[in-house]
Amino acid sequence: MAKEDQGLAIGIDLGTTYSCAAVWREHHRRVDIIHNDQGHNTTPSFVAFTDHERLIGNAAKNQAATNPQNTIFDAKRLIGRKYSDPVVQKDMMLWPFKVVAGANDKPMITLNYKGKEKQFCAEEISSMVLVKMREIAESYLETRVKNAVVTVPAYFNDSQRKSTIDAGTIAGLNIIRIINEPTAAAIAYGLDRRNNCVGERNVFIFDLGGGTFDVSILTIKGKMFQVKGTAGNTHLGGEDIDNRMVNYFVEKIKKEKKLDISGNPRALRRLRSACERAKRTLSHAVSATIEVDGLSNDNDFFSSITRARFEEINMELFNQCMETVDRCLADAKMEKRSMHDVVLVGGSSRIPKVQELLQDFFEGKDLCKSINPDEAVAHGAAVQAALLSVGIKNVPDMVLLDVTPLSLGIHVMGDMMSVMIPRNTTIPVKRTQQYLTSVDNQSSVKIKVYEGERTRSRENNLLGSFKLSGFPRAPRNHPFDVCFAIDENGILSVSAKEETTGISNKMIITNDVDRLSAEEIYKMIQEAEEYKAEDKKFLRKAKTMNKIDDYAYNIKKALEKENFSSKVCSEDREKISSAITKATELLDGDQQDEEVDVFEDHLKELINLFERFVEKSD
Ligand code: ADP
Ligand code: MG
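Here the structure is a predicted model, which is why all the values come from computation and not from measurement. Residue numbering note: each chain is counted from 1, following its sequence as written. All chains are assigned letters beginning at A, and all ligands numbers beginning at 1, according to the order in which they are written. Predicted model: local features are reported for residues with pLDDT of at least 70 only, side-chain atom pairs are reported and counted for 80 or more only, and whole-chain, interface and lining totals are derived from all residues. Computation of side-chain values covers all heavy atoms of the structure but excludes hydrogens and water.

A.B. asks: Would you explain the confidence of the model for the protein chain in this entry?
C.D. replies: Should pLDDT be low for a region, the predicted coordinates there are not to be read in detail. For every residue, the predictor reports its confidence as pLDDT, a number between 0 and 100. Across the protein chain, the average pLDDT comes to 88, with 93% of residues at 70 or higher. The low-confidence segment residues 1–5 (pLDDT under 50) makes 15 contacts with residues lying over four places distant or belonging to another chain. By the convention used here, residues are in contact when the closest approach between their heavy atoms is within 4.5 Å.

Structural data, given as structure tokens:
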């Protein structure tokens, strides 16, 4: 991974439910949010597999109701975690797709693609979303994009950060930097450049997204961004709001139409989409309509909802958010009055009631909301990307310094963790410390690296271990050095050295069980290429099928005309009708799975027949 790289770099907010890309435009001296082919600025982080193709983004989300087992979302909840992690076990119960334990307890998503069982890890699914974001950017910018800054939640640990970088590698992207989402949002507002306050600037980041709610307190001092505290709820966001609306309307339909749709997944899914649309409308209008054609058995459903009713249905969720805000301040031992800025992030923070409650909590303070909350993180990532790109001059100068989210250290006698780098240390950082052997004539030492805040190493998270052997014969308490270095992305490498012999060993925590090996990544890159080729082939086939359908239809229409038959000899009529039969078989029958060439050959034949007989006869 290059620290700095030539060429254009974009910023990507790889979200749990929606992702967003942005780029610094040097000529205009501003950030552009990159819209997708549907004109939307955010793209669902969804990947779906069908009997025929792979879909990513809106196309995947739109067919989720009809193909729930093979439509994957929430990959970010799995990234860098083990299958046996209680968080994974709990999330799994809510997913319609299957997750099993793979090698080294790695969670594997199991699904059906083209009639065969396939397994993917979270990094692969995230890489597919990243590929989509890159393609969206490439078509918007009309140029190749290789480099990106990608954001992660502030509480992401070492393994989750590395897995995110792996996802980028599989996607063929060079991730030049990983930064924290709240930091990115603060950069978007240029809060680091507001020097009107002396000393530190305290920033409260309120991020209410699709499936998660995160609050963070940052302090910005000069060029340093420090996360002072985080709190949140991993299952609170826009989707919970949608659920409440769906339940409300299910009850209403029961009462008014004497119809129970609670057991009808298709109807529920369609109602959910209508509710999400209405919810978005209610952020700028005081009422919204709900329209679902053919909700169930030809029953159309029309209704409306006011903002007041919407707020009533969701008040409990909104109150939960405010309790978390309070808790975060209390944990960080900071007063609400000491916050200089309160920043809104996440699509759901657009809800007026949420803004009102937050403003009241902060005693009427103006909220930073001039940048779209679902774009702020990508916006900040794009600024950071520009700063790391060569040849960009106009971007406001800033050196961003993040801090370590967790303490890092090694296991020492008595199951103790000896902290080498305490949490909240500014990165990059390098620290060396001397340790001593514990027995006489000890020939080797095992260095076990942990992250976490507990005093006993067993209660912290083991990141990996390695051995330093070949010590000279010596009584106990013989010294050796251990060095911890964390780079700009928060990635740790550990080395150890014995001075008198010069023996040393080191480890970048890459072979940690959670992490993909270089070979695995290589294999996944190749597979990703294959999937890309398959997607392309499918598109070619789909286009050919449409054309076959058009030509066959037009020829059939012409055959029905009286004057047509008289002009064509019986042999040609025979030829035409067998070509149409073949077209039908290709489109509807068992031959659908034929290779694309078969379709293209037949299309040629149809075009030929059309030109010879139909065009002429008109
Ligand atoms: P993520 O959690 O993936 O980072 P976002 O921050 O993009 O996601 O937030 C997505 C959520 O925001 C979705 O639940 C979406 O319905 C909601 N949302 C987007 N726009 C609005 C709006 N105008 N009003 C209310 N909710 C919105
Ligand atoms: Mg987000």
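Alright, that's what it looks like, and here's the rest.
A.B. asks: Looking at this structure, I do not really get the site of ligand 1. What am I missing?
C.D. replies: Think of it this way: one heavy atom of a residue within 4 Å of a molecule or strand is enough to make that residue near it. Around ligand 1, 17 residues are found, and the nearest of them are Thr17, Gly210, Glu276, Lys279 and Ser283. Definition of a polar contact: a pair of N or O atoms within 3.5 Å, with one able to donate and the other able to accept a hydrogen when the atoms are protein atoms, and with sequence-neighbouring residues admitted only if both atoms are side-chain atoms. In the model, an oxygen atom of ligand 1 is placed 3.1 Å from a nitrogen or oxygen of the Thr16 main chain. For ligand 1, the accessible surface in isolation is 590 Å², of which the surrounding protein chains cover 93%. Top contributing element to the shell around ligand 1 by residue count: helix H8 (residues 265–282), with three residues. Classification used: nonpolar for Ala, Val, Leu, Ile, Met, Phe, Trp, Tyr, Cys and Pro, charged for Asp, Glu, Lys and Arg, polar for all others including Gly. Taken together, the residues that form the shell around ligand 1 break down as two nonpolar, ten polar and five charged. A 1.4 Å probe and the Shrake-Rupley method give the accessible areas. Residues count as covered only by the protein chains that appear here. Only DSSP runs of H or I reaching four residues or more are called helices, and only runs of E reaching two or more are called strands; each is numbered from the N terminus.

A.B. asks: Help me understand the sheet that holds strand E10 (residues 116–121), please; the structure alone is not making it clear to me.
C.D. replies: Strand pairing in a sheet relies on backbone hydrogen bonds. The paired strands run either parallel or antiparallel. Two strands pair under a simple rule: DSSP has to find at least two bridges between them. With antiparallel pairing, the three strands of this open sheet are ordered in space as E8-E9-E10. For this open sheet the edge positions go to strand E8 (98–101) and E10, each flanked by a neighbour on one side alone. On average, adjacent strands in this sheet sit at an angle of 40° to one another, irrespective of strand direction. Bridging between E8 and strand E9 (residues 107–113) involves four bridges; their strand directions are antiparallel. Axis lines are fitted through C-alpha atoms, for helices just across the contact stretch, and the angle between N-to-C directions can take any value from 0 to 180 degrees.

A.B. asks: Before we go on, may I ask you to explain helix H11 (residues 376–388) in this structure?
C.D. replies: The periodicity of an α-helix, 3.6 residues per turn, causes residues three or four places apart in sequence to face the same way. Between the first and last C-alpha of H11 there are 19 Å, a value that for 13 residues agrees with the 18 Å anticipated at 1.5 Å per step. Think of it in three bands: with a 1.4 Å probe and only protein chains considered, a residue is buried below 20% of the maximum accessible area for its type, exposed above 50%, and partly exposed in between. Extensive coverage of H11 is indicated by the burial of twelve of its 13 residues. Every buried residue of H11 is listed here: Ala376, Val377, Ala378, His379, Gly380, Ala381, Ala382, Val383, Gln384, Ala385, Ala386 and Leu388. A helix is expected to span 1.5 Å for every residue after the first.

A.B. asks: It is not clear to me how the packing of helix H7 (residues 238–257) against helix H9 (residues 307–331) should be interpreted in this structure. Could you clarify?
C.D. replies: Two measures define how a pair of helices packs: the angle their axes make with one another and the distance between the axes. Viewed as axis vectors pointing N to C, H7 and H9 meet at an angle of 135°, and their least axial separation amounts to 10 Å. Considering their axes alone, H7 and H9 lie oblique with respect to each other. For the pair H7 and H9, the crossing hand works out as right-handed. Where H7 abuts H9, its residues Asp240, Ile241, Arg244, Met245 and Tyr248 lie against Arg309, Phe310, Ile313, Asn314, Glu316, Leu317 and Phe318. Counted by class, the contact of H7 with H9 contains seven nonpolar, one polar and four charged residues. Angular relationships are summarised with four words: roughly parallel below 35 degrees, roughly antiparallel beyond 145, roughly perpendicular across 65 to 115, and oblique for the angles in between. Handedness of each helix crossing follows the sense of rotation of the near helix against the far helix: counterclockwise by less than a right angle gives left-handed, clockwise gives right-handed.

A.B. asks: What exactly am I supposed to notice about the pattern of salt bridges here?
C.D. replies: Where charged atoms of side chains with opposite charge meet at close range, the side chains can pair. Each salt bridge in this description consists of a side-chain nitrogen of Lys or Arg and a carboxyl oxygen of Asp or Glu lying within 4 Å of one another. For the structure shown, the criterion picks out 26 salt bridges. Asp535 is the salt-bridge partner of Arg54, the closest N and O atoms lying 2.8 Å from each other. Taken as a pair, Arg54 in strand E6 (residues 54–56) and Asp535 in helix H12 (residues 518–560) lie far apart in primary sequence, 481 residues in all. Take Arg54: its relative accessible area is 10%, and that puts it in the buried class.

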